[in-house]
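# A closer look at the structure
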Amino acid sequence: VISATPSAAQLRDDTVRGRTEPSATVTSAIARARDVGAGRDHLNIFAHTNDDDARTHASSCLEQMSDTTPGLLLGVPIAIKDNIATLTLPTTCGSHILEGYVSPYEATAVRKLREAGAIPFGKTNMDEFAMGSSTEHSAYGPTRNPLAPDRVPGGSSGGSAAAVAAGIVSIALGSETGGSVRQPASFCGIVGVKPTYGRVSRFGLVAFASSLDNIGVCGATVDDAARGLHAVAGYDWFDSTSANIPVPDYHEARAGSVKGMVIGKPKEYFPETLDPRIRARCDEALERLRELGAEIRDVSLPNTAMAIPAYYIVAPAEASSNLARFDGVRYGLRIEGDGLRGMYEATRSQGFGAEVTRRILLGTYVLSAGYYDAYYRKAQQVRTLIAADFSRVFASGVDVLFTPTTPTTAFRIGAISDPYEMYMSDIFTVTANLAGVPAMSQPIGLVDGLPVGGQFMAAHFDEMAMFTAAYALERAQAAEARA
Amino acid sequence: VSISIDDVRHIATLARLGLTDDRAASLVQELNTILGHMDELSKVDTAGVQEAIGVGARGLPTRTDAGPPIPLERSLDAFAPSLREGLLLVPRLSSHESTEEA
């Protein structure tokens, strides 16, 4: 990570003590964005920015200063993915079809961030409607990886990961349907967290595949990610799938230890075809955890290989239904055609990009008469088996699982043109979405100068276990770097 | 299972997507390639396996169909193209004959 912005904890402390003014923090972030070339002509990190809007939020966050307990993220600028509804900046999902759309209501996660004293700072670029693994498929053009600008930042939350990796913000909100926070976090050398399904309200997150979608958090460090998640987690009436389960202080996991913790190493995530250099980084991370007192146990999640086919049936099926609302009547773009049906078809075919069109058609096909049983019903049954794999392993006494986050490091822009090859980029991440378990990626070293991510996964609502392991690993890495 | 050009045309109609002839032809190949990989699923024995309903151990949560309204920060008339008697009026299509003032 190009370290430029202070940690969220440091920034909050400085703000509370009056050593930093939120307006000065915003000015620094704007300058940083300019200096790293975050604009459309280079890294292309943001879909929408408005300096005055960020300054207004900075002024209003000061109102929290008079509270007895200042917010957890007081004075911390946070970038927000372009599919999460904000009141003052557009929400366009990286799509031509939502051009100019400004939401009349605010996502619960964004409201909670503001209530914690955070400063919303720009909407980040993304693959259109979060369908992609590279942030190349946006109406605003591709985002570049700040660490290697000829390469992708991953996706679909590539803009959020890049904003953190470039040191513009320490925390950014992203969203996940099949790994869209963890995979870009891995490619950009930062931390990315997908919470348990139901942990963070989806109210105001534009729906892609509702049974798989989560709001997730990108952080420069484990602590930044833990604080960001703590701020947005919790029950919300407006999302019927949000869970009324108490939210622990995730950043308290920093005081924890992995001594006696059982860390499962699932063999299916370490196939013989895995890049040996990525395997080596994983082995080094596991060795560090073992030295800290964790027990490393070989385990099996036998249905893993079926996750990509199951995911790419379930997700497009749900998307084909969710995206039916973009019809030229209710939102954004309208292109007239021959009558009402002609208007629908003209608007949707010109408003959606190639990948979104492909997935809508795929989803429509697998749900259509004659194919439903062979594809959709089968995929939902396989999903049950994949979830059962996780339940069995966690019930056997394993506290967390450790795997590589991705099978490769960041690839070059334009290098992958085959859709299915791109889908395989999510091979180690989609399982957590299908099963609804929490998972996170953190940096575990480099291969050819590019970051490699290691992934922790835990049982439902046990984010504390994975944060405990992640803090411990990060500390051990820092100690080794100092030695 | 193999998708034909007629299948692509049919699902595009269901999905309200207009496709050029070239795009429809390339989609036949793209979708067949993707679905070829999906056929792997047929190898899994799912006899007696329940389809996933909801996510995780909690199943599909339900709640009473009541509660507060969506917290709109801007009133309807601030973003509706036009309002009449509390209903949203959307712009009329130019191809529709205008029988009354929209």
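The present account deals with the structure reproduced in this document. Note that this is a predicted model, so its numbers are computed, not measured.

### With respect to helix H11 (residues 354-367) of chain A
For H11 of chain A, which comprises 14 residues, the first-to-last C-alpha distance of 20 Å matches the rise-based estimate of 20 Å (1.5 Å per residue) to within 8%. Along H11 of chain A, twelve of the 14 residues are buried, which leaves the element largely enclosed by surrounding structure. Within H11 of chain A the residues assigned to the buried category are Glu 355, Val 356, Thr 357, Arg 358, Arg 359, Ile 360, Leu 361, Leu 362, Gly 363, Thr 364, Tyr 365 and Val 366 of chain A. On the buried face of H11 of chain A, the contacting elements are helix H9 (307-322), helix H10 (339-351), helix H12 (373-395) and helix H13 (419-423) of chain A together with helix H1 (5-14) and helix H2 (21-38) of chain B.

### A short note on the pattern of salt bridges
Under the definition given, this model contains 29 salt bridges over all chains. Its salt-bridge partner being Glu 463 of chain A, residue Arg 199 of chain A comes within 3.3 Å of it at the nearest N-O pair. One end of the pair, Arg 199 of chain A, is in the loop between strand E5 (191-194) and strand E6 (214-219); the other, Glu 463 of chain A, is in helix H15 (residues 463-482), with 264 residues separating them in the sequence. According to the relative accessible area criterion, Glu 463 of chain A is buried, its value standing at 0%. As a salt-bridge pair, Arg 358 of chain A and Glu 30 of chain B come within 2.7 Å of each other at their nearest N and O atoms. Here Glu 30 of chain B lies in helix H2 and Arg 358 of chain A lies in helix H11, a pairing that spans two chains. Under the relative-accessibility criterion, Arg 358 of chain A is labelled buried at 9%. Taken together, the salt bridges that share partners define one network made up of Glu 355, Arg 358 and Arg 359 of chain A together with Arg 23 and Glu 30 of chain B.

### Re the state of the cysteines
All names here are of chain A. Applying the stated criterion across every chain yields a total of zero disulfides over all chains. The structure places no disulfide on Cys 93, whose sulfur is separated from the nearest cysteine sulfur, that of Cys 218, by 16 Å. For Cys 93, a relative accessible area of 1% corresponds to the buried category.

### Some points on the environment of Tyr 101 of chain A
Residue placement: Tyr 101 of chain A occurs in the loop between strand E2 (77-81) and helix H4 (108-115). With residues near it in sequence (within four places) discarded, Tyr 101 of chain A still touches Pro 90, Thr 91, Thr 92 and Tyr 331 of chain A.

### Topic: the nonpolar core
Nonpolar side chains in soluble globular proteins tend to end up buried together. Residue and element names in this part refer to chain A. The biggest cluster of nonpolar side chains holds 136 residues, and the ones touching the most others in it are Leu 73, Phe 129, Phe 390, Phe 456 and Phe 467. Per element, the largest residue contribution to this core is ten residues, and it comes from H9. Excluding residues within four positions of it along the chain, Phe 390 makes contact with Tyr 269, Leu 301, Leu 401, Thr 431, Ala 435, Val 437 and Met 457.

### Remarks on the sheet that holds strand E4 (residues 171-176) of chain A
All names here are of chain A. With mixed pairing, eleven strands are arranged side by side in an open sheet as E1-E3-E2-E4-E6-E5-E10-E11-E9-E7-E8. Two strands lie at the open edges of the sheet, namely strand E1 (46-48) and strand E8 (295-299), each paired on one side alone. Neighbour-to-neighbour, the strand axes of the sheet open up by a mean angle of 35°, direction not taken into account. Packing of helix H5 (residues 158-165) onto the sheet brings it into contact with E1, E2, strand E3 (119-124), E4 and E6, and relative to E4 it is tilted by some 155°. Against the sheet, helix H8 (residues 276-291) makes contact with strand E7 (262-266), E8, strand E9 (400-404), strand E10 (439-447) and strand E11 (450-458), and its axis sits at roughly 115° relative to E10, the strand it touches most.

### Regarding the pairing of E2 of chain A
All names here are of chain A. Burial analysis of E2 places five of its five residues in the buried class, which makes it a mostly covered element. Side chains of E2 alternate between two faces, with Pro 77, Ala 79 and Lys 81 and Ile 78 and Ile 80 buried alike. In this region the chain leaves E2, passes through H4 and returns to the parallel neighbour E3; the handedness of that crossover is right-handed. As paired strands, E2 and E4 are joined by three bridges and run parallel to one another. Looking at E4, one finds that Ile 78 is bridged to Ile 171.

### Some words on a nonpolar patch on the surface
Among the surface-exposed residues, Ile 70, Leu 72, Leu 76, Phe 79, Leu 83 and Leu 88 of chain B lie close enough to one another that they form a single nonpolar patch of about 470 Å² accessible area. Residue placement: Leu 88 of chain B occurs in strand E2 (residues 87-89).

### Focus on the interface of chain A and chain B
Residue-level contacts link 63 residues of chain A with 54 residues of chain B. Counting across the interface, chain A meets chain B through two salt bridges. Summed over the shared surface of chain A and chain B, the result is 17 residue pairs in polar contact (both at pLDDT 80 or more). Of all elements in the fold, only H9, H10, H11, H12 and H13 of chain A reach the threshold of two or more residues within the side of chain A that touches chain B. Among the elements that line the side of chain A that touches chain B, the one with the most residues is H12 of chain A, at ten residues. Residue composition of the side of chain A that touches chain B, grouped by class: 37 nonpolar, 16 polar and ten charged.

Each value, and the rule that gives it
Residues numbered from 1 in each chain as written. Chains lettered and ligands numbered in written order. Predicted model: local features only at pLDDT ≥ 70, side-chain atom pairs only at ≥ 80, totals over all residues. Heavy atoms only, no water. Helix = DSSP H or I, 4+ residues; strand = E, 2+ residues; numbered from the N terminus. Expected span 1.5 Å × (residues − 1). Buried < 20%, exposed > 50% of the residue type's maximum accessible area, 1.4 Å probe, protein only. Contact = heavy atoms within 4.5 Å. Salt bridge = Lys/Arg side-chain N within 4 Å of Asp/Glu carboxyl O. Disulfide = S-S within 2.5 Å. Core = buried A, V, L, I, M, F, W, Y, C linked by side-chain atoms within 4.5 Å. Pairing = 2+ DSSP bridges. Axes fitted to C-alpha atoms, helices over the stretch in contact; angles between N-to-C directions. Right-handed = clockwise from strand over helix to strand, strands pointing away. Patch = residues over 30% accessible without salt bridge, like charges linked within 9 Å, V, L, I, M, F, W, Y side chains within 5 Å. Areas by Shrake-Rupley, 256 points an atom, 1.4 Å probe, with all protein chains shown as cover. Polar contact = N/O pair within 3.5 Å; in protein donor to acceptor, adjacent residues only side chain to side chain. Nonpolar A, V, L, I, M, F, W, Y, C, P; charged D, E, K, R; others polar.

So far we have only geometry, and geometry alone does not tell us how the molecule works.
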